[in-house]
Amino acid sequence: MSNDTLTADIIAKEAVTILENNCVMANLVHRGHEEEFSKKVNGYEVGETISIRRPADFTVRDGAVAAVQDVVEGKTTFTVDKQKGIDFKFTSQDLTLQIGDLSERVMKPGLIQLANQIDRDVMSLYKDIPRHVTIPSGGIDSFADFALAPSLMDTCSIPQDERSAVLTPTDTWKMLGSQTALYIQDAAKGAYRNAKLGMIGGIDTYMSQNYPTHTTGSRSTATDVINASFTGDTWASTKNSNQSTIGVGSMSGSTVTVKAGDIITIADVYDVNPVTKVALPHLKQFVVVSDKTASGSAIAALVVSPAIIPSGAQQTVAFAAGVTDINTKGVTPVGAASTNYAQNLFFHKNAFGLVMVPMVSPPGAVDVGRRSYKGFSVRVVPYYDGANDVSNWRLDVLYGVKTIDPRLAVRASLAADI
């Protein structure tokens, strides 16, 4: 039986379900910050912001004598600044269809595009992640290749629960091929018959066609040199930014570039276990925060994250024995210059966040539909074109994405993907 009373609310209810079903990355990240926005009856507007606290940390006392430590919390902001939508044109005849027919024929294709856009925006946060592993030539075609990222996660004390991986299609199919050879009946069947990776080594593994590709700057692959005194920052000075600024000289050209998302290491600057603060055997990796172009073969202020903090409760690095100033230490980029690298992501749920909130119901609009479902919210507003006897419908979503804790994720890239 046809439905001749399709309303904006009915269409919104159907749309929010389709949207939730077609998101991949958006369903794997932290969604709890919606609750921190005030409960506005009439919804939210673009640009509204909340503050997120960065947790304090402490060192363990040795012995009976108390060593009282200050509780110093940092903060960052989470802004809902992305308004995206799709627009439909329904004839009067269309609106006499059943909602199932209308959603399958008209709404679903558009909402799949919208879901993909949300996933792309979440995955674009890869640029905030400094930890990286290089996949051997050939891609992720064995468990050993796959295990490189989770092994680093364990070394760096990333919690083992609620871990996920989102792989490129190429690496997904390579890994599927390796699983079909395993003598594990159910795993091989899922890989071969259903093209599903499922849980691998405690990692809930997915494929995404929306994977990002990072293009490195034109800087050379040679080691550059820090050319200014730098003894490290403190938690108090970097608790909100989580960034340090260093000067780099003797670069490969006067106008070479370093791109946001590029990863570097610094000689004699080692990673530390974030819990025990014990130095780890590998150099600390830093991600470049913003694009820079060399001037006179130097970059006076290269901003990197995380902050370089060599001591204290929030220590992030350990200098090599005898090193107190990293002036003249070599800076080595990861990857070749001006090269595209497909990005696989391994992460704990709390590494990234997505907030989607109900939008404001516009004053004067009639028959506005707003629906929320499992953290997804859509608004549907119809407006009639009387001259052509068609109904225009706009569907909007309002959301924000944020890297909450970059320590909880690892990037994995393979050979250049031009």
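Look up: the structure comes first, before these words.
In this text, all values refer to a predicted model and were calculated from it rather than measured experimentally.

Draft legend 1. Focus on helix α1 (residues 8-22). Counted at 1.5 Å a residue, the expected span for α1 with its 15 residues is 21 Å, and the 21 Å between its end C-alpha atoms agrees. Of the positions making up α1, those classed as buried are A8, I11, A12, A15, V16, I18, L19 and E20. Elements that come into contact with the buried residues of α1 comprise β3 (82-91), α2 (99-123), β20 (352-357), β21 (369-373), β22 (376-385) and β23 (390-403).

Draft legend 2. Structural view of the packing of aromatic side chains. Applying the stated criterion across every chain, the model contains two aromatic pairs. With a centroid separation of 5.2 Å and 65° between ring planes, the pair formed by F146 and F346 is classed as edge-to-face. Remark: F346 occurs in strand β19 (residues 344-348) and F146 occurs in helix α3 (residues 143-155); sequence separation between them is 200 residues. Assigned by exposure class, F146 and F346 land together as buried. Ring geometry for F347 versus F352: centroids 5.6 Å apart, planes at 70°, classification edge-to-face. With respect to burial, F347 and F352 carry one shared label: buried.

Draft legend 3. Local environment of the environment of Q98. The topology assignment puts Q98 in the loop between β3 and α2. Of the residues examined, Q98 reaches a relative accessible area of 34% and is grouped as partly exposed.

Draft legend 4. Inspection of the pattern of salt bridges at higher detail. Applying the stated criterion to the full structure yields 12 salt bridges. A salt bridge links D9 to R371; the nearest nitrogen and oxygen atoms lie 2.9 Å apart. One end of the pair, D9, is in helix α1; the other, R371, is in strand β21, with 362 residues separating them in the sequence. A salt bridge links D271 to R131; the shortest N-O distance between them is 3.7 Å. In this pair, D271 is assigned in strand β12 (residues 263-272) and R131 in the loop between α2 and β4 (132-134), connecting sequence segments 140 residues apart. R131 carries the same exposure label as D271, and that label is buried. Among the charged side chains, a network of salt bridges with common partners joins R131, D271 and K284.

Draft legend 5. Structural detail: unusual backbone geometry. Cis geometry marks the peptide bond from S305 to P306; its omega dihedral reads 5°. Of note, P306 is situated in the loop between β15 (299-305) and β16 (317-319).

Draft legend 6. Main features of the pairing of strand β17 (residues 330-333). Note: strand β9 (residues 224-226) against β17, two bridges, orientation antiparallel. Across the sheet, D224 pairs through a bridge with V331, a residue of β17. Note that β12 and β17 share three bridges and pair antiparallel. The residue of β17 that forms the bridge with I264 is P333.

Draft legend 7. Representation of the environment of T134 in the model. Inspection of the secondary structure assignment puts T134 in strand β4. Residue class for T134 comes out exposed when judged on its relative accessible area of 53%. Sequence-distant contacts of T134, defined by excluding residues within four places in its chain, comprise L148 and S413.

Draft legend 8. Inspection of the pairing of β19 at higher detail. Counting buried residues in β19 gives five out of five residues, a clear majority hidden from the surface. Where burial is concerned, the two faces of β19 agree: the one with N344, F346 and H348 and the one with L345 and F347 are both buried. Pairing analysis gives four bridges linking strand β5 (residues 163-167) to β19, with the strands arranged antiparallel. Residue pairing for β19: R163 is matched across the bridge by H348.

About the criteria used
Residues numbered from 1 in each chain as written. Predicted model: local features only at pLDDT ≥ 70, side-chain atom pairs only at ≥ 80, totals over all residues. Heavy atoms only, no water. Helix = DSSP H or I, 4+ residues; strand = E, 2+ residues; numbered from the N terminus. Expected span 1.5 Å × (residues − 1). Buried < 20%, exposed > 50% of the residue type's maximum accessible area, 1.4 Å probe, protein only. Contact = heavy atoms within 4.5 Å. Phe/Tyr/Trp six-rings, centres within 6.5 Å; stacked < 30°, edge-to-face > 60°. Salt bridge = Lys/Arg side-chain N within 4 Å of Asp/Glu carboxyl O. Pairing = 2+ DSSP bridges.

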